[in-house]
Amino acid sequence: MPAEPADGAADTAIETRGLEPVPDGERTGRVRELVPTWVAANISVLLLTMGAGLVIFNKLNIWQVLVVAVAAPVVSYGLVGLISIAGKRGGAPGMALSRAVFGQRGNLFPGALIWVARWGWETINAVSGAYAVLTVLDLLFGVRSSTPLIVVTLLFFVGCTFVVSGLGINALRVCSTWSTYLFGAFSVLVLGYLLFTTDWSAVFGKPAGSSAMMIAGIGTIAAGGISWVPSGPDFTRYLPRTASSKGMVGATIGGAGVVVLPMVLMGAVMAVGTPDLASAQDPVSFIGELLPTWIAVPYLLIAVVGMLLINSMSMYSAGFTAQTLGIKVPRAAAVSVNALISLVFGFLLMVVATSFFGSFISFLTLLAVAFSAWIGVFGVDMLRRTTYDGPALLDTTRTSAYWYKGGFAWQAMTAWALALLVGLLFTEVDWFAGPLAGTWIGRNGLGWVAGIVTSGVLYAVLPRTAPAAPAPAGEREPAGSLSN
């Protein structure tokens, strides 16, 4: 049976624990710690840009934006919170627990897709962080952006991300708590400035948009949260088994909502006076144009820390996902793969791409579809399962109770694959349109909902294969073997 280092307790400076379940004696986390975790996961000026997009592209008025800003985090982070319950049940990362659902080999397929999808998310945040640094340099020193400076800022941002994510859960907790306080304080300051400088008659006088565009807006904002669903258990595996499930869901929604709601609304308000905001190639520099320097500079610096934390959390989870794919290196080393990829892709997006917002929305749409098929299967499985076999999760050979048939849980794989296809059929982005994108589901941007419902229903009705009885310890095959 494969074994990760057994000394990965959360009370050390650098977390060394990998995929192996956290022993009960080390589960000293508290539910309330999830609030700053999910606050930090949303500290991004991209929410301002997305709020502006709701006004400019979706043609929504401020009241419709308010509905979107409330509904999106409730829906998406409600899913994050529900799936997070598996973390306290199994004490292992989400994609390790997924082995119990899809089989040791079957889990490689959704795992690979989710790992690749994280490349895009980390690239988007790396680019946003680099743009924020460039904007601060311009505001303070008049230094204009150039290709060499873009490379330097990307290296700086990705390097800091790698360090924080490599340190592990304790570093993320500390950084999340302090960034929550600082970002919250300056967001209140920005909100106060907008209250006194905004043309509110123009804001409230804007006509309403269509219901279809409002529903699509909910999907766009929710897509960011949906991307965190498979990572939810990664941040709850140190919670005791007795932790309140309702409290976990509430803390997750509350932590995200307290950031998403005001940020999206502020972006919408800003867009009324700056209609080119959402279509700008640089999604950050507008802050320096709309706010006085004494507010803009510290706000952007704190936002850089926030976006660094978002990427650190994503890379932290990506390290576990890489390990479940068979990359046999410590979690911190596995993170370096995603760091390098986000560096390369980030350079291409900043130097080569012509439309940041268009690329971003297209990516979010596909990201939600890619994750939705996994969510439906894993969520229905959680309704049937309350415990996980820790040794079987780590045993990647046919002696594992989660080997099923040839390493695959075929009912889970079938439901996942068909749901992925269904989701794409209803999806339309800048460079791709499914044949059913013109239907009501497609026009309302609900391809991701179709994916969740399809995978969940199929998995629920297909015959279930029970896990095999685990083999005696002496009969288990060597770690990492892929024998049939």
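This one's a predicted model, so the numbers in the text were calculated from it and none came from an experiment.

Draft legend 1. Layout of the overall build of the protein chain. On a plain count of helices and strands, the protein chain comes out with 19 helices and two strands. Evaluated residue by residue, the protein chain yields a buried proportion of 58% over its 484 residues. Sequence separation of 24 or more characterises 86% of the internal contacts of the protein chain that already satisfy a separation of 6 or more. Carbon and sulfur atoms form 71% of the exposed surface of the protein chain, whose accessible area is close to 18100 Å².

Draft legend 2. Main features of a nonpolar patch on the surface. On the surface, Leu340, Val344, Phe345, Leu348, Val351 and Val352 cluster together into a nonpolar patch covering about 520 Å² of accessible area. With respect to the helices and strands, Phe345 occurs in helix H14 (residues 331–351).

Draft legend 3. Geometry of the packing of helix H17 (residues 410–425) against helix H19 (residues 447–461). For the pair H17 and H19, the least separation of the axes is 8 Å and the interaxial angle reads 155°. Considering their axes alone, H17 and H19 lie roughly antiparallel with respect to each other. Classified by chirality, the crossing of H19 by H17 is right-handed. Side by side, H17 and H19 meet where Gln411, Ala412, Ala415, Leu418, Ala419, Val422 and Gly423 of the first sit next to Gly447, Ala450, Gly451, Thr454, Ser455, Leu458 and Tyr459 of the second. Classifying every residue of the contact of H17 with H19 by side-chain character gives eight nonpolar, six polar and no charged.

Draft legend 4. Quick look at the pattern of salt bridges. Evaluated as defined, the whole model comprises four salt bridges. Across the pair Arg241 and Asp24 runs a salt bridge whose closest N-O atoms are separated by 3.0 Å. Here Arg241 is found in the loop between helix H10 (211–226) and helix H11 (245–273), whereas its partner Asp24 is found in the segment before helix H1 (34–40), with 217 residues between them in sequence. Between Arg144 and Asp138 there is a salt bridge; the shortest N-O distance is 3.1 Å. Taking relative accessible area as the criterion, Asp138 reaches 26% and is therefore assigned partly exposed. Counted as one network, the salt bridges with shared partners bring together Asp24, Arg27 and Arg241.

Draft legend 5. The arrangement of the nonpolar core in detail. One finds Trp38, Trp228, Ile287, Trp374, Phe378 and Tyr388 to be the most contacted residues of the largest nonpolar core, which totals 138 residues. The greatest single-element share of this core, amounting to 16 residues, is contributed by helix H13 (residues 293–324). Trp115, Trp119, Ala322 and Ile341 belong to the second-largest nonpolar core, a separate cluster that totals five residues.

Draft legend 6. Seen up close, the confidence of the model for the protein chain. Within the protein chain, residue pLDDT values average 84, and 87% of them lie at 70 or more. Across the protein chain, helix H3 (residues 62–90) holds the top mean pLDDT of 97, while H14 sits lowest at 76. The model gives residues 1–11 a pLDDT under 50, and that stretch makes 34 contacts with residues more than four places away or in other chains. Taken together, the stretch residues 473–484 has pLDDT below 50 and engages in 28 contacts with residues farther than four places along the chain or on a different chain.

Draft legend 7. Broad picture of the environment of Val284. Mapped onto the secondary structure, Val284 falls in the loop between H11 and helix H12 (286–290). Val284 gets classed as buried once you look at its relative accessible area, which sits at 0%. With 150 residues separating them in the primary sequence, Val284 and Leu134 have C-alpha atoms 9.2 Å apart.

Draft legend 8. Quick peek at unusual backbone geometry. Despite not being glycine, Lys59 has its phi angle at roughly 60°, a positive value. The residue Tyr404 is not glycine, and still its phi comes out positive at about 55°. If you trace the backbone, Tyr404 turns up in the loop between helix H16 (390–394) and H17.

Draft legend 9. Looking closely at the packing of H3 against H10. At a closest axis distance of 8 Å, the pairing of H3 and H10 adopts a crossing angle of 40°. Where H3 crosses over H10, the handedness of that crossing is right-handed. In this structure, H3 uses Gln64, Val67, Val68, Ala71, Ala72, Ser76, Tyr77 and Val80 to contact H10, whose residues at the interface are Met214, Gly217, Ile218, Ile221, Ala222, Gly224, Gly225 and Ile226. When the residues that make up the contact of H3 with H10 are grouped by side-chain class, the tally is 11 nonpolar, five polar and no charged.

Draft legend 10. The packing of aromatic side chains, seen in detail. Under the criterion given, the structure shown has nine aromatic pairs. Judged by centre distance (4.5 Å) and plane angle (15°), the rings of Trp374 and Phe378 are stacked. With a gap of four residues between them, Trp374 and Phe378 both fall in helix H15 (residues 356–384), about one helical turn apart. Judged by its relative accessible area of 0%, Trp374 falls in the buried class. An aromatic cluster of three or more residues is present, and its members are Trp38, Tyr77, Trp228 and Phe235.

Draft legend 11. Summary view of H3. In this model, H3 (29 residues) spans 43 Å end to end at C-alpha, consistent with the 42 Å of a helix rising 1.5 Å per residue. Capping the start of H3 is the job of one residue whose side-chain oxygen sits 3.2 Å from the backbone nitrogen of Trp63: Asn61. Once H3 ends, the next one or two residues include Gly91, with phi positive near 65°.

Draft legend 12. Broad picture of the side chain of Thr123. Mapped onto the elements of the fold, Thr123 is located in helix H6 (residues 108–141). Dropping the residues within four chain positions of it, Thr123 is found in contact with Ile341, Ser342, Phe345 and Gly346.

Calculation criteria
- Residues numbered from 1 in each chain as written.
- Predicted model: local features only at pLDDT ≥ 70, side-chain atom pairs only at ≥ 80, totals over all residues.
- Heavy atoms only, no water.
- Helix = DSSP H or I, 4+ residues; strand = E, 2+ residues; numbered from the N terminus.
- Buried < 20%, exposed > 50% of the residue type's maximum accessible area, 1.4 Å probe, protein only.
- Contact = heavy atoms within 4.5 Å.
- Areas by Shrake-Rupley, 256 points an atom, 1.4 Å probe, with all protein chains shown as cover.
- Patch = residues over 30% accessible without salt bridge, like charges linked within 9 Å, V, L, I, M, F, W, Y side chains within 5 Å.
- Salt bridge = Lys/Arg side-chain N within 4 Å of Asp/Glu carboxyl O.
- Axes fitted to C-alpha atoms, helices over the stretch in contact; angles between N-to-C directions.
- Parallel < 35°, antiparallel > 145°, perpendicular 65-115°, else oblique.
- Left-handed = near helix turned anticlockwise from the far one by under 90°.
- Nonpolar A, V, L, I, M, F, W, Y, C, P; charged D, E, K, R; others polar.
- Core = buried A, V, L, I, M, F, W, Y, C linked by side-chain atoms within 4.5 Å.
- pLDDT = per-residue confidence, 0-100.
- Phe/Tyr/Trp six-rings, centres within 6.5 Å; stacked < 30°, edge-to-face > 60°.
- Expected span 1.5 Å × (residues − 1).
- Polar contact = N/O pair within 3.5 Å; in protein donor to acceptor, adjacent residues only side chain to side chain.

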